Amino acid sequence: MRFIHSGTTRRRAAFVALATSTALVLSACGGGAASEGGGSEGGSGSDGEQTVTFIPKQLNNPYTDVVLGGGEDGASEAGFASSEVVGPLDASASSQVSFINAETQRGTNVIVIAANDPDAVGPALEEARTAGAKIVAFDSDTNPDYRDVFVSQVDAKDVALIQLELVSEQIGGEGEIAILSATANATNQNEWIKYMEEELAANPDYAGIELVAKVYGDDDDTKSFQEAQGLLQAYPDLKGIISPTTVGIAATGRYLSTSEYKGKVALTGLGLPNEMRPFVKDGTVTEFALWDPAQLGYVAAFAGKALADGDITGEPGDTFEAGELGEREIGEGGIVLVGPPTQFNAENIDDYDF
């Protein structure tokens, strides 16, 4: 898997730090809903210079920080006059609506959004499109009626299957497992879980595996930790946990690493190498997966620029250049795939820095 070149790391970190500190300062000043965003002044496209705004599920999320860093790099390389980050501090279904409305009023040319709920953001995005904005969904899709393209990490079914394969290998192909997800309305999480459930029911290789629970940590570290603890208390025979969210897998790893279940209950899912490294090193986690999150934001920025320039419309077969990641083609449903996931274990985890 190809990664964004290491020369962008410091710029990504600086951008994330600025976005985070701005959000905290404005919040402390009691600036209202918009104060949760990491954006600054201006940004209107009314002067003829194209602008892009990224609206993640929530700010102050390590995974999101890496995605947004890649987005900032992509926006600069694609030629946007300015880029902003705004968004909520919580991942509730309707928390992004006020930020979409604000970008519509500002005349922002491209809105790149990871939807907390596929439908709750719909009316606001429709207004933005009516006003002339191009809408790129990334990471977590909206209802397709509300966006021009969706930049997805990888094929959703592939993401689901690789996590099932990992947990099956780690528990010897049989036993009780549970899923610790993000929010109950997250489009990407629910699609992965759907494919996992279908595969468990149809694939004889998994006949000995029973999915006994699905819980939601809301991409909050404390709640995810508590949900992991609750799973082990409620299901004493649990053999494995899949957490398809970077916040959830890290919180679960932290719980398991200091509990009696370390080495007895397998943990896999989607995680950041830098967060999961201690748990791999101490034997809490054997193997997990993820793609390079920076590439997600990077490709989304170039897709937005191609839409704004009129080079693509979002129809299947349209192609655009995504900087150093090369040509990308829009597939059925207006979906652009970034690349396959990588599996991380003790042998290769020190090769990655994100």
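Residues numbered from 1 in each chain as written. Predicted model: local features only at pLDDT ≥ 70, side-chain atom pairs only at ≥ 80, totals over all residues. Heavy atoms only, no water.

### Observations regarding the overall build of the protein chain
Assigned secondary structure in the protein chain consists of 10 helices and 14 strands. Burial status across the protein chain gives 56% buried among its 354 residues. Taking all contacts inside the protein chain whose residues are at least 6 apart in sequence as the whole, residues at least 24 apart take part in 71%. Of the roughly 13900 Å² that the protein chain leaves accessible, carbon and sulfur atoms contribute 47%. (Helix = DSSP H or I, 4+ residues; strand = E, 2+ residues; numbered from the N terminus. Buried < 20%, exposed > 50% of the residue type's maximum accessible area, 1.4 Å probe, protein only. Contact = heavy atoms within 4.5 Å. Areas by Shrake-Rupley, 256 points an atom, 1.4 Å probe, with all protein chains shown as cover.)

### A few points about the packing of helix α2 (residues 62-78) against helix α10 (residues 293-309)
Running from N to C, α2 and α10 cross one another at 35 degrees; their axes reach a closest spacing of 6 Å. Crossing handedness for the pair α2 and α10: right-handed. Packed against α2, whose contacting residues are Tyr63, Val66, Val67, Gly70, Gly71, Asp73, Gly74, Ala75, Glu77 and Ala78, the element α10 presents Pro293, Ala294, Leu296, Gly297, Tyr298, Ala301, Phe302 and Lys305 at the interface. When grouped by side-chain class, the residues that make up the contact of α2 with α10 number 11 nonpolar, 4 polar and 3 charged. (Axes fitted to C-alpha atoms, helices over the stretch in contact; angles between N-to-C directions. Left-handed = near helix turned anticlockwise from the far one by under 90°. Nonpolar A, V, L, I, M, F, W, Y, C, P; charged D, E, K, R; others polar.)

### A closer look at the sheet that holds strand β8 (residues 238-243)
Read across the open sheet, the 4 strands follow the order β7-β6-β8-β9; overall the sheet is parallel. A strand with exactly one partner marks an edge of an open sheet, and here the two such strands are β7 (209-216) and β9 (266-269). Between one strand axis and the next, the sheet turns through 25 degrees on average, direction left out of account. Of the strand pairs in this sheet, strand β6 (residues 175-181) and β7 are connected by 7 bridges, and their pairing is parallel. Among the inter-strand pairings, Ser181 is bridged to a residue of β7, identified as Tyr216. Of the strands in this sheet, β6, β7 and β8 touch helix α7 (residues 221-234), which is tilted by about 145 degrees from β7. (Pairing = 2+ DSSP bridges.)

### Re unusual backbone geometry
Although it is not a glycine, Asn60 adopts a positive phi angle of roughly 65 degrees. With respect to the helices, strands and loops of the structure, Asn60 is situated in the loop between β1 (51-55) and α2.

### A look at the pattern of salt bridges
Under the criterion given, the structure shown has 10 salt bridges. Across the pair Arg129 and Asp148 runs a salt bridge, and its minimum N-O distance is 2.8 Å. Of the two residues, Arg129 is situated in helix α4 (residues 122-130) and Asp148 in the loop between β4 (134-138) and β5 (149-152); the sequence distance between them amounts to 19 residues. Using a relative accessible area of 29% as the deciding quantity, one classes Arg129 as partly exposed. (Salt bridge = Lys/Arg side-chain N within 4 Å of Asp/Glu carboxyl O.)

### Quick notes on the environment of Phe138
Position of Phe138 relative to the elements: it lies in strand β4. As for Phe138 and Val299, which are separated by 161 residues in sequence, their C-alpha atoms are 9.3 Å apart. When near neighbours in sequence (up to four residues on either side) are disregarded, Phe138 contacts Phe54, Ile55, Val67, Val112, Ile113, Ala114, Phe150, Val151, Leu296, Gly297 and Ala300.

### Notes on the sheet that holds β1
The strands making up a sheet are joined through hydrogen bonds of the backbone, oriented either antiparallel or parallel. With parallel pairing, the 6 strands of this open sheet are ordered in space as β2-β1-β3-β4-β5-β13. The open sheet has two edge strands with one neighbour each: β2 (82-85) and β13 (335-337). Geometrically, the sheet is characterised by an average inter-axis angle of 20 degrees between neighbouring strands, direction not taken into account. Across the sheet, α2 is in contact with β1, β2 and β4; its angle to β1 comes to roughly 175 degrees.

### Focus on the confidence of the model for the protein chain
Summing up the model confidence of the protein chain, the mean pLDDT is 88 and the portion of residues at 70 or higher is 86%. Every residue in residues 1-35 is under pLDDT 50, and counting partners more than four places away or in other chains gives 53 contacts. Confidence over residues 38-47 falls short of pLDDT 50; this stretch has 26 contacts with residues more than four positions distant or in other chains. (pLDDT = per-residue confidence, 0-100.)

### Thoughts on the layout of surface pockets
Taken as a whole, the largest pocket spans an internal volume of roughly 340 Å³. Only β5, α5 (156-170), α6 (187-202) and β13 provide two or more residues apiece to the lining of the largest pocket. Partitioning the lining of the largest pocket into residue classes produces 8 nonpolar, 6 polar and 7 charged. (1 Å grid on protein atoms, 1.4 Å probe; cavity = no way out; pocket = protein on both sides within 12 Å on 5 of 7 lines; lining within 4 Å. Points joined across faces, edges and corners; volume = space filled by probe spheres on them.)

### A short note on the side chain of Gln153
Tracing the chain through its elements places Gln153 in the loop between β5 and α5. Setting aside anything within four residues of it in sequence, one finds Gln153 in contact with Tyr63, Asp139, Asn188, Trp192, Trp291, Leu296, Val338 and Gly339.

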